[in-house]
Amino acid sequence: MTVHLVRLGGSILRHEFRIEGMVQPSLEALVTRTIDRFYAVTGPLAASLGVEKVYTVHLEQKGGNNYAPGNRLNLNTLNLTEWTITHELAHALDAAHGWRLSQQMRAHTGSGFLFKALHYARPAWKVFWYRVGSPPPPCGVDKNFNSLEDFAETVTAYIFPAEAHRRAEQRGYAYEKWGYTHFHETPRGQFFANLLNREAIKTPSG
Ligand SMILES: [Zn+2]
(Lines give C-alpha, C1' and ligand atoms only; values in the text may rest on other atoms or scores of the structure.)
Protein backbone atom coordinates (compact mmCIF):
# COMPACT_ATOMS: atom_id res chain seq x y z
CA MET A 1 0.00 0.00 0.00
CA THR A 2 1.17 3.53 -0.71
CA VAL A 3 -0.26 6.71 0.71
CA HIS A 4 -0.80 9.84 -1.34
CA LEU A 5 -1.65 13.12 0.37
CA VAL A 6 -3.38 16.00 -1.36
CA ARG A 7 -3.62 19.48 0.08
CA LEU A 8 -6.92 21.08 -0.89
CA GLY A 9 -6.24 24.38 -2.62
CA GLY A 10 -6.64 27.48 -0.49
CA SER A 11 -7.01 25.57 2.78
CA ILE A 12 -4.97 23.65 5.31
CA LEU A 13 -7.13 20.55 4.79
CA ARG A 14 -5.77 17.39 3.28
CA HIS A 15 -7.23 14.27 1.73
CA GLU A 16 -5.42 10.98 2.07
CA PHE A 17 -5.48 8.30 -0.61
CA ARG A 18 -4.43 4.78 0.31
CA ILE A 19 -3.54 3.00 -2.89
CA GLU A 20 -3.69 -0.76 -2.56
CA GLY A 21 -3.97 -3.94 -4.61
CA MET A 22 -2.07 -4.22 -7.90
CA VAL A 23 0.21 -1.29 -7.17
CA GLN A 24 2.87 -0.92 -9.85
CA PRO A 25 5.01 2.19 -10.35
CA SER A 26 3.38 3.20 -13.65
CA LEU A 27 -0.16 2.67 -12.32
CA GLU A 28 0.63 4.47 -9.11
CA ALA A 29 2.00 7.41 -11.08
CA LEU A 30 -1.13 7.49 -13.22
CA VAL A 31 -3.41 7.44 -10.18
CA THR A 32 -1.52 10.05 -8.16
CA ARG A 33 -1.11 12.37 -11.16
CA THR A 34 -4.85 12.16 -11.84
CA ILE A 35 -5.75 12.76 -8.19
CA ASP A 36 -3.53 15.86 -8.13
CA ARG A 37 -5.05 17.19 -11.31
CA PHE A 38 -8.56 16.53 -10.00
CA TYR A 39 -8.00 18.48 -6.78
CA ALA A 40 -6.13 21.26 -8.53
CA VAL A 41 -9.50 22.01 -10.14
CA THR A 42 -12.04 20.86 -7.54
CA GLY A 43 -10.05 21.72 -4.39
CA PRO A 44 -12.33 24.60 -3.31
CA LEU A 45 -15.42 22.38 -3.55
CA ALA A 46 -13.80 19.60 -1.54
CA ALA A 47 -12.43 22.08 1.00
CA SER A 48 -15.85 23.70 1.45
CA LEU A 49 -16.95 20.69 3.52
CA GLY A 50 -14.28 21.54 6.06
CA VAL A 51 -13.32 17.92 6.69
CA GLU A 52 -10.34 15.75 5.90
CA LYS A 53 -11.03 12.45 4.22
CA VAL A 54 -9.34 9.12 3.80
CA TYR A 55 -10.01 7.27 0.57
CA THR A 56 -9.01 3.77 -0.44
CA VAL A 57 -8.10 3.24 -4.07
CA HIS A 58 -8.25 -0.46 -4.84
CA LEU A 59 -6.49 -1.55 -8.03
CA GLU A 60 -7.37 -4.91 -9.49
CA GLN A 61 -7.08 -6.67 -12.83
CA LYS A 62 -10.74 -7.63 -12.80
CA GLY A 63 -14.11 -6.13 -12.02
CA GLY A 64 -15.62 -2.81 -12.95
CA ASN A 65 -14.69 0.74 -12.11
CA ASN A 66 -16.84 2.24 -9.42
CA TYR A 67 -17.09 4.39 -6.35
CA ALA A 68 -18.28 2.27 -3.42
CA PRO A 69 -19.62 3.28 -0.02
CA GLY A 70 -16.94 3.77 2.59
CA ASN A 71 -14.87 6.18 0.50
CA ARG A 72 -13.56 3.42 -1.72
CA LEU A 73 -12.66 3.67 -5.39
CA ASN A 74 -12.41 0.34 -7.20
CA LEU A 75 -10.41 0.58 -10.39
CA ASN A 76 -9.71 -2.06 -13.01
CA THR A 77 -6.06 -1.80 -14.02
CA LEU A 78 -6.64 -3.01 -17.59
CA ASN A 79 -6.87 0.03 -19.88
CA LEU A 80 -7.12 2.36 -16.89
CA THR A 81 -7.18 6.01 -17.95
CA GLU A 82 -7.14 9.45 -16.37
CA TRP A 83 -10.69 9.83 -17.66
CA THR A 84 -11.98 6.81 -15.71
CA ILE A 85 -10.15 7.72 -12.50
CA THR A 86 -11.46 11.28 -12.70
CA HIS A 87 -15.02 10.03 -13.27
CA GLU A 88 -14.88 7.94 -10.08
CA LEU A 89 -13.28 10.81 -8.12
CA ALA A 90 -16.20 12.97 -9.24
CA HIS A 91 -18.65 10.44 -7.76
CA ALA A 92 -16.61 10.54 -4.53
CA LEU A 93 -16.83 14.35 -4.46
CA ASP A 94 -20.59 14.23 -5.02
CA ALA A 95 -20.95 11.55 -2.31
CA ALA A 96 -18.95 13.69 0.13
CA HIS A 97 -21.58 16.40 -0.44
CA GLY A 98 -24.42 13.96 0.27
CA TRP A 99 -25.07 13.69 -3.52
CA ARG A 100 -26.34 17.27 -3.46
CA LEU A 101 -24.08 18.48 -6.27
CA SER A 102 -25.66 16.15 -8.82
CA GLN A 103 -29.13 17.04 -7.53
CA GLN A 104 -28.38 20.75 -7.87
CA MET A 105 -27.21 20.19 -11.44
CA ARG A 106 -30.26 18.08 -12.28
CA ALA A 107 -32.55 20.86 -11.03
CA HIS A 108 -30.48 23.61 -12.66
CA THR A 109 -30.47 21.92 -16.08
CA GLY A 110 -34.09 20.75 -15.86
CA SER A 111 -33.09 17.12 -16.31
CA GLY A 112 -34.56 13.92 -14.91
CA PHE A 113 -36.70 10.89 -15.50
CA LEU A 114 -40.26 11.32 -16.69
CA PHE A 115 -41.27 7.90 -15.37
CA LYS A 116 -38.47 6.47 -13.28
CA ALA A 117 -40.30 3.22 -12.47
CA LEU A 118 -40.95 2.57 -16.16
CA HIS A 119 -37.29 3.22 -16.93
CA TYR A 120 -36.23 0.53 -14.46
CA ALA A 121 -38.91 -1.83 -15.79
CA ARG A 122 -37.87 -1.24 -19.42
CA PRO A 123 -34.24 -0.04 -19.39
CA ALA A 124 -33.80 -0.59 -23.13
CA TRP A 125 -36.69 1.72 -24.06
CA LYS A 126 -35.13 5.00 -25.08
CA VAL A 127 -38.34 6.91 -24.48
CA PHE A 128 -37.92 6.32 -20.72
CA TRP A 129 -34.21 7.21 -20.54
CA TYR A 130 -32.96 10.11 -18.45
CA ARG A 131 -33.96 13.34 -20.16
CA VAL A 132 -31.06 15.74 -20.57
CA GLY A 133 -32.34 19.26 -20.04
CA SER A 134 -30.11 22.15 -21.19
CA PRO A 135 -28.16 20.00 -23.68
CA PRO A 136 -25.65 18.87 -24.71
CA PRO A 137 -24.88 15.99 -22.33
CA PRO A 138 -21.12 15.84 -21.64
CA CYS A 139 -20.54 12.71 -23.75
CA GLY A 140 -23.87 11.32 -24.84
CA VAL A 141 -26.58 9.30 -23.15
CA ASP A 142 -27.29 5.61 -22.69
CA LYS A 143 -29.65 3.45 -20.65
CA ASN A 144 -27.45 3.77 -17.56
CA PHE A 145 -27.44 7.55 -17.63
CA ASN A 146 -28.88 9.39 -14.62
CA SER A 147 -28.19 12.49 -12.52
CA LEU A 148 -25.17 10.91 -10.79
CA GLU A 149 -23.56 9.93 -14.10
CA ASP A 150 -24.47 13.29 -15.61
CA PHE A 151 -22.59 15.08 -12.83
CA ALA A 152 -19.57 12.73 -12.89
CA GLU A 153 -19.32 13.13 -16.67
CA THR A 154 -19.65 16.90 -16.33
CA VAL A 155 -16.75 17.12 -13.89
CA THR A 156 -14.63 14.82 -16.05
CA ALA A 157 -15.48 16.73 -19.22
CA TYR A 158 -14.66 19.99 -17.45
CA ILE A 159 -11.18 18.72 -16.59
CA PHE A 160 -10.60 17.02 -19.96
CA PRO A 161 -12.59 19.11 -22.45
CA ALA A 162 -10.74 17.95 -25.57
CA GLU A 163 -11.32 14.30 -24.73
CA ALA A 164 -14.97 15.05 -23.87
CA HIS A 165 -15.44 16.76 -27.22
CA ARG A 166 -14.02 13.74 -28.99
CA ARG A 167 -16.19 11.29 -27.04
CA ALA A 168 -19.37 13.30 -27.55
CA GLU A 169 -18.78 13.50 -31.28
CA GLN A 170 -18.03 9.79 -31.48
CA ARG A 171 -21.35 8.96 -29.83
CA GLY A 172 -23.37 11.29 -32.05
CA TYR A 173 -23.68 14.12 -29.55
CA ALA A 174 -21.27 16.67 -31.04
CA TYR A 175 -21.49 19.99 -29.17
CA GLU A 176 -21.77 21.79 -32.50
CA LYS A 177 -25.31 20.40 -32.87
CA TRP A 178 -26.29 22.77 -30.08
CA GLY A 179 -24.09 25.65 -31.20
CA TYR A 180 -21.11 25.06 -28.91
CA THR A 181 -17.51 24.23 -29.71
CA HIS A 182 -16.08 23.64 -26.22
CA PHE A 183 -17.50 21.94 -23.14
CA HIS A 184 -16.83 24.98 -20.94
CA GLU A 185 -19.31 26.99 -23.04
CA THR A 186 -22.16 24.52 -22.49
CA PRO A 187 -24.75 24.94 -19.71
CA ARG A 188 -23.19 22.06 -17.79
CA GLY A 189 -19.69 23.48 -18.16
CA GLN A 190 -20.97 26.86 -16.94
CA PHE A 191 -22.82 25.28 -14.03
CA PHE A 192 -19.70 23.55 -12.81
CA ALA A 193 -17.52 26.64 -13.27
CA ASN A 194 -20.00 28.61 -11.16
CA LEU A 195 -19.99 25.92 -8.49
CA LEU A 196 -16.19 26.17 -8.27
CA ASN A 197 -16.20 29.97 -8.19
CA ARG A 198 -18.82 30.08 -5.48
CA GLU A 199 -16.75 27.79 -3.29
CA ALA A 200 -13.51 29.59 -4.06
CA ILE A 201 -15.07 32.81 -2.76
CA LYS A 202 -16.33 31.07 0.39
CA THR A 203 -12.96 29.49 1.27
CA PRO A 204 -11.42 32.04 3.67
CA SER A 205 -7.75 31.70 2.78
CA GLY A 206 -8.49 31.05 -0.93
ZN1 LIG B 1 -20.19 6.62 -12.96
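Scroll up to find the structure.
What you see is a predicted model, and the numbers here were worked out from it, not measured in a lab.

Visitor: What is the right way to look at helix α1 (residues 25-47) in this model?
Guide: Every α-helical turn comprises 3.6 residues, leaving residues that sit three or four positions apart pointing alike. Here α1 is 23 residues long, yet its end C-alpha atoms lie only 29 Å apart, well below the 33 Å a rise of 1.5 Å per residue gives. Along α1, the helix axis deviates most sharply at Val 41, where the bend reaches about 65 degrees; the proline Pro 44 sits within four residues downstream. By the burial criterion, the buried members of α1 are Val 31, Thr 34, Ile 35, Phe 38, Tyr 39, Thr 42, Gly 43, Pro 44, Leu 45, Ala 46 and Ala 47.

Visitor: Would you take a moment to explain the pairing of strand β3 (residues 53-60) for this structure?
Guide: In summary, the side chains of a regular strand alternate between the two faces of the sheet. Direction of pairing for strand β2 (residues 14-21) relative to β3: parallel, over a ladder of 7 bridges. Bridged to Ile 19 within β3 is Val 57. The sheet contact formed by β3 and strand β5 (residues 72-76) spans 5 bridges and is parallel. Across the sheet, Thr 56 pairs through a bridge with Arg 72, a residue of β5.

Visitor: Explanation requested: the environment of His 108 in the structure shown.
Guide: Its location among the elements puts His 108 in helix α3 (residues 100-109). The partly exposed category is assigned to His 108, around which 16 C-beta atoms lie within 10 Å. With 26 residues separating them in the primary sequence, His 108 and Ser 134 have C-alpha atoms 8.7 Å apart.

Visitor: I'm lost on the packing of α1 against helix α2 (residues 82-96) in this one. Help?
Guide: The axes of two packed helices give the description: the angle between them and the distance between them. Between α1 and α2, the shortest axis-to-axis distance is 10 Å and the interhelical angle comes to 35 degrees. The two elements α1 and α2 cross, and the hand of that crossing is right-handed. Along its contact with α1, which presents Leu 30, Val 31, Thr 34, Ile 35, Phe 38, Thr 42, Leu 45 and Ala 46, the element α2 presents Glu 82, Ile 85, Thr 86, Leu 89, Leu 93 and Ala 96. Classifying every residue of the contact of α1 with α2 by side-chain character gives 10 nonpolar, 3 polar and 1 charged.

Visitor: Just checking my understanding: could you explain unusual backbone geometry for this structure?
Guide: Glycine aside, residues mostly have negative phi angles, and peptide bonds mostly take the trans form. Here the residue pair Pro 135 and Pro 136 is connected by a cis peptide bond, since its omega of 5 degrees sits within 30 degrees of zero. At Asn 79, a residue that is not glycine, the phi angle is positive and equals roughly 60 degrees. Along the chain, the position of Asn 79 falls in the loop between β5 and α2.

Visitor: Just to check I follow, could you spell out the nonpolar core for this structure?
Guide: Ile 35, Val 57, Leu 89, Leu 93 and Val 155 are the most contacted members of the largest nonpolar core, which totals 37 residues. When residues of this core are assigned to their parent elements, the largest contribution, 7 residues, is made by α1. If you count residues domain by domain, this core takes at least three from each of domain 1 (2-96) and domain 2 (100-202). The contacts of Val 57, once residues within four sequence positions are left out, are Phe 17, Arg 18, Ile 19, Val 31, Leu 73 and Leu 75.

Visitor: Would you mind showing me how to read the sheet that holds strand β4 (residues 66-68) here?
Guide: Strand pairing in a sheet takes place through backbone hydrogen bonds and is either antiparallel or parallel in direction. As summarised here, the arrangement of the 5 strands in space is β1-β2-β3-β5-β4, forming an open sheet in which the pairing is mixed. Of all strands in the sheet, those with a lone pairing partner are β1 (2-7) and β4, marking the two edges. Mean inter-strand twist for the sheet, computed between neighbouring axes without regard to direction, equals 25 degrees. Its contacts with the sheet put α1 on β1, β2 and β3, and the angle it makes with β1 is roughly 25 degrees.

About the criteria used
- Residues numbered from 1 in each chain as written.
- Predicted model: local features only at pLDDT ≥ 70, side-chain atom pairs only at ≥ 80, totals over all residues.
- Helix = DSSP H or I, 4+ residues; strand = E, 2+ residues; numbered from the N terminus.
- Expected span 1.5 Å × (residues − 1).
- Bend = angle between axes of the 7 residues up to and from the residue.
- Buried ≥ 20, exposed ≤ 12 C-beta atoms within 10 Å, placed from the backbone.
- Pairing = 2+ DSSP bridges.
- Axes fitted to C-alpha atoms, helices over the stretch in contact; angles between N-to-C directions.
- Left-handed = near helix turned anticlockwise from the far one by under 90°.
- Contact = placed C-beta atoms within 7 Å.
- Nonpolar A, V, L, I, M, F, W, Y, C, P; charged D, E, K, R; others polar.
- Core = buried A, V, L, I, M, F, W, Y, C linked by C-beta atoms within 7 Å.
- Domains from an automatic or database assignment.

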